[in-house]
Amino acid sequence: MNNVRSLHGLGRRSLEREWLLNSLSAKMRHPCDVCSVVTLGRAYATSSKTETPAADRKVVLKAADIAKRLRSEKERRTDFENEVPVSPLQKRVTELKQLTQQLQTVHPSVLTKALHRSILYQDSNLIAINKPYGVPIHTVDGVRNSIAECLPLLAKIVDGMQTGSQLHLCHRLEKETTGVLILAKTEQAAEHVQTLIRSHQVESKYLAVTVGVPVPSEGVIDIPIIEREVTGPQPHFKMGLSPLFRVSEEGDGVTRVRSHRQAQSAVTQYRVLDSTGGCSLVELQPVTGVKNQLRVHMALALACPILGDHKYSHWNKLAPQMLPEGTLRRLGLVQSKTRYLPLHLHSRKITLPGVKGHSNITMSCPLPKYFTIALNRLQIPLPGKE
């Protein structure tokens, strides 16, 4: 009787196996499915040979499970076959897109912790942080994170600061500008730094990649700046030049003109550190602190806009920066993707004069990764450490 039961069980399992293989074979549309069926069939046979007596029997594999596994394998294989290889251009554009969005998608506490890790200098009165790209100083419409919003939490986690203490902004950096940003632990310290800045006692040095080579290679730009309205299909306001001198009609001299009442004095020292392929690495030292001063002086006074400056590369419209074909090729981009290029302007070093016989305080900041990548692609040597 036991032998009959055993033969009956073996016959039933053989029929189940044959039915399973036949039903799966009817659904196969890809040669690789044969291998999958054979493999699963062997697994089924192995499990059948080693199954326990009827009282403890457990079904290891079911037809539905095998069919489901086959479907998932086929989907993965189809996705792999249809996957389009990522070109260097697509990869480069993706990196630039992520750069402009990543810090606006994180929680403010995450950004605050990142700012804490980026502290460049700290004493009993001041803190210098490395301001990241794309984060404004103050909260504006459509922007989730800002430096000012992070200051209360940053004050709590800074070493040596008491509960209830605050951090104060000493100056401003534009949203797209990276580098040294000075914070003060007291209002008195902040006012002291601001007084030094207004009296031109603070030395600030920026690094910029420019499209074009400034001529002469070193000099001082002393042209007032004024905010003007740009009319047209997209009316908007920009900072523009308000020169104090005008070239004569004959072109053989200049005449002084009356300054505009709303124009602000703007002075910038510049020096070309290196250049190749029509682009330059320029050191900029603003003597004054007018809004967008460095961008306006480079684009409108020297006709060498900063790489990634989509605002001042055109005066009469708002459009992505136009780049020469050679520059596009070196950067690994096409013109239609230049709108993702970040502004290559970095606050490299700030020096405060010492007080009461103390030496000067110098705060420096390394270049961001996207900046060094651009220099490498343009084959411009990286600047030396300071």
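Scroll up to find the structure this text is about.
Note that residues are indexed from 1 along each chain, following the sequence as it is written. In keeping with the model being predicted, local features are shown solely for residues with a pLDDT of at least 70 and side-chain atom pairs are shown and tallied solely at 80 or more, while totals for entire chains, interfaces and linings include all residues. Note that the side-chain values use all heavy atoms of the structure and ignore hydrogens as well as water.

Draft legend 1. Molecular detail of the overall build of the chain. Strands here mean DSSP runs of E at least two residues long; helices mean DSSP runs of H or I at least four residues long; both are numbered from the N terminus. Helix and strand counts for the chain stand at 10 helices and 14 strands. Every one of the 386 residues in the chain was classed for burial, and the buried ones make up 41%. Contacts: residue pairs with any heavy atoms within 4.5 Å of one another. Residue pairs in contact within the chain that sit at least 24 positions apart in sequence constitute 65% of those at least 6 positions apart. Residue exposure ignores everything except the shown protein chains as possible cover, and the areas themselves are Shrake-Rupley values with a 1.4 Å probe. When the accessible area of the chain is evaluated, it comes to approximately 22,700 Å², of which 52% is carbon and sulfur surface. The classification of residues rests on relative accessible area computed with a 1.4 Å probe and restricted to protein chains. Under 20% of the type maximum is buried, over 50% is exposed, and intermediate values are partly exposed.

Draft legend 2. Here's a closer look at the pairing of strand β11 (residues 267-276). Relative to β11, strand β6 (residues 218-222) runs antiparallel, the two sharing 5 bridges. Its bridge partner lying in β11, Ile-221 is registered against Thr-268. The pairing criterion is simple: DSSP has to find at least two bridges between the two strands. Bridging between β11 and strand β12 (residues 279-286) involves 8 bridges; their strand directions are antiparallel. Looking at the pairing, Val-272 lines up with Val-282 of β12. Counting the residues that bridge the hairpin from β11 to β12 gives 2 residues, and of these Gly-277 lies at a positive phi of roughly 60°.

Draft legend 3. Representation of the pattern of salt bridges. By convention in these notes, a salt bridge is any Lys or Arg side-chain nitrogen within 4 Å of a carboxyl oxygen on Asp or Glu. Taken as a whole and assessed by the stated rule, the structure comprises 3 salt bridges. Across the salt bridge formed by Glu-283 and Arg-271, the nearest N and O atoms sit 3.2 Å from each other. Of this pair, Glu-283 sits in strand β12 while Arg-271 sits in strand β11; the two residues are 12 residues apart in sequence, bridging distant segments of the chain. Overall, the relative accessible area of 9% leaves Glu-283 in the buried class. The salt bridge partner of Asp-309 is Arg-295, with a shortest N-O separation of 2.8 Å. Of the two residues, Asp-309 is situated in the loop between α8 (293-301) and α9 (325-331) and Arg-295 in helix α8; the sequence distance between them amounts to 14 residues. For Asp-309, a relative accessible area of 0% translates into the label buried. Several salt bridges share partner residues, and in doing so they unite Glu-174, Arg-295 and Asp-309 into one network.

Draft legend 4. Geometry of the packing of aromatic side chains. For Phe, Tyr and Trp, where Trp contributes only its six-membered ring, two rings pair if their centres lie within 6.5 Å, and the inter-plane angle classes them as stacked under 30 degrees, edge-to-face over 60, or tilted in between. For the coordinates displayed, the defined rule picks out 1 aromatic pair. A ring pair is formed by Tyr-133 and Tyr-370, whose centres lie 5.6 Å apart and whose planes are at 65°; its orientation type is edge-to-face. With Tyr-133 in the loop between β2 (126-131) and α6 (147-157) and Tyr-370 in helix α10 (residues 369-378), the pair connects residues that are 237 residues apart, well separated along the chain. By relative accessible area, Tyr-133 is classed as buried at 11%.

Draft legend 5. Examining the environment of Val-272 more closely. Mapping Val-272 onto the fold places it in strand β11. On the accessibility criterion, Val-272 (17% relative accessible area) is buried. Residues Val-272 and Gly-219, 53 residues apart in the sequence, show an inter-C-alpha distance of 9.4 Å. Those residues in contact with Val-272, other than ones at most four positions away along the chain, are Pro-214, Ser-217, Ser-280, Leu-281 and Val-282.

Draft legend 6. The pairing of strand β8 (residues 236-241), seen in detail. Within β8, 5 of the 6 residues are buried, which leaves it mostly tucked inside the rest of the structure. When strand β7 (residues 225-230) meets β8, the two strands line up antiparallel, connected through 6 bridges. Within the sheet, the bridge partner assigned to Ile-225 lies in β8 and is Leu-241. The turn linking β7 back onto β8 is made up of 5 residues, and Gly-232 within it adopts a positive phi angle of 140°.

Draft legend 7. Layout of the nonpolar core. By size, the foremost hydrophobic cluster in this structure holds 31 residues, and its most contacted members are Ile-147, Leu-181, Leu-183, Leu-284 and Leu-345. At the level of secondary structure, the elements contributing two or more residues to this core comprise α5 (108-117), β2, α6, β4 (178-184), β5 (203-211), β11, β12 and α8. Non-local contacts of Ile-147, meaning those with residues more than four positions away in its chain, are made with Leu-115, Lys-131, Val-135, Pro-136, Ile-137, Leu-169 and Leu-181. The term nonpolar core refers to a set of buried residues drawn from Ala, Val, Leu, Ile, Met, Phe, Trp, Tyr and Cys, joined through side-chain atoms within 4.5 Å. Counting 22 residues, the second largest nonpolar core, distinct from the first, contains Cys-279, Leu-323, Leu-328 and Leu-378.

Draft legend 8. Structural view of α5. For α5, the complete set of buried residues consists of Pro-108, Leu-111, Thr-112 and Leu-115. Axial view of α5: buried residues confined to an arc of 105°, hence all on one face. In α5, the exposed residues that point more than 90 degrees away from the buried face are Lys-113 and Arg-117. Residues of α5 that are buried make contact with β1 (119-122), β2 and α6. As used here, the arc belongs to the directions running from the helix axis to the C-beta atoms.

Draft legend 9. Focus on helix α7 (residues 187-198). The end-to-end C-alpha distance of α7 is 16 Å, a good match for the 16 Å that 12 residues give at a rise of 1.5 Å each. Here α7 has its buried residues at Ala-189, Ala-190, Val-193 and Leu-196. Burial along α7 is one-sided: seen end-on, the buried residues are contained in an arc of 125°. Relative to its buried face, α7 has exposed residues pointing more than 90 degrees away, namely Gln-188 and Arg-198. Expected helix span is taken as 1.5 Å per residue step, with the number of steps being one fewer than the number of residues.

Draft legend 10. Geometry of a nonpolar patch on the surface. A patch consists of residues whose relative accessible area exceeds 30% and which take part in no salt bridge; residues with like charges are grouped when within 9 Å of each other, and nonpolar side chains (Val, Leu, Ile, Met, Phe, Trp, Tyr) when within 5 Å. There is a patch of nonpolar side chains on the surface, built from Phe-245, Val-247 and Val-254 and spanning about 310 Å² of accessible area. Residue placement: Val-254 occurs in strand β10 (residues 254-256). Residue classification places Val-254 among the exposed positions, given a relative accessible area of 56%.

The values are spatial; any link to function lies outside them.
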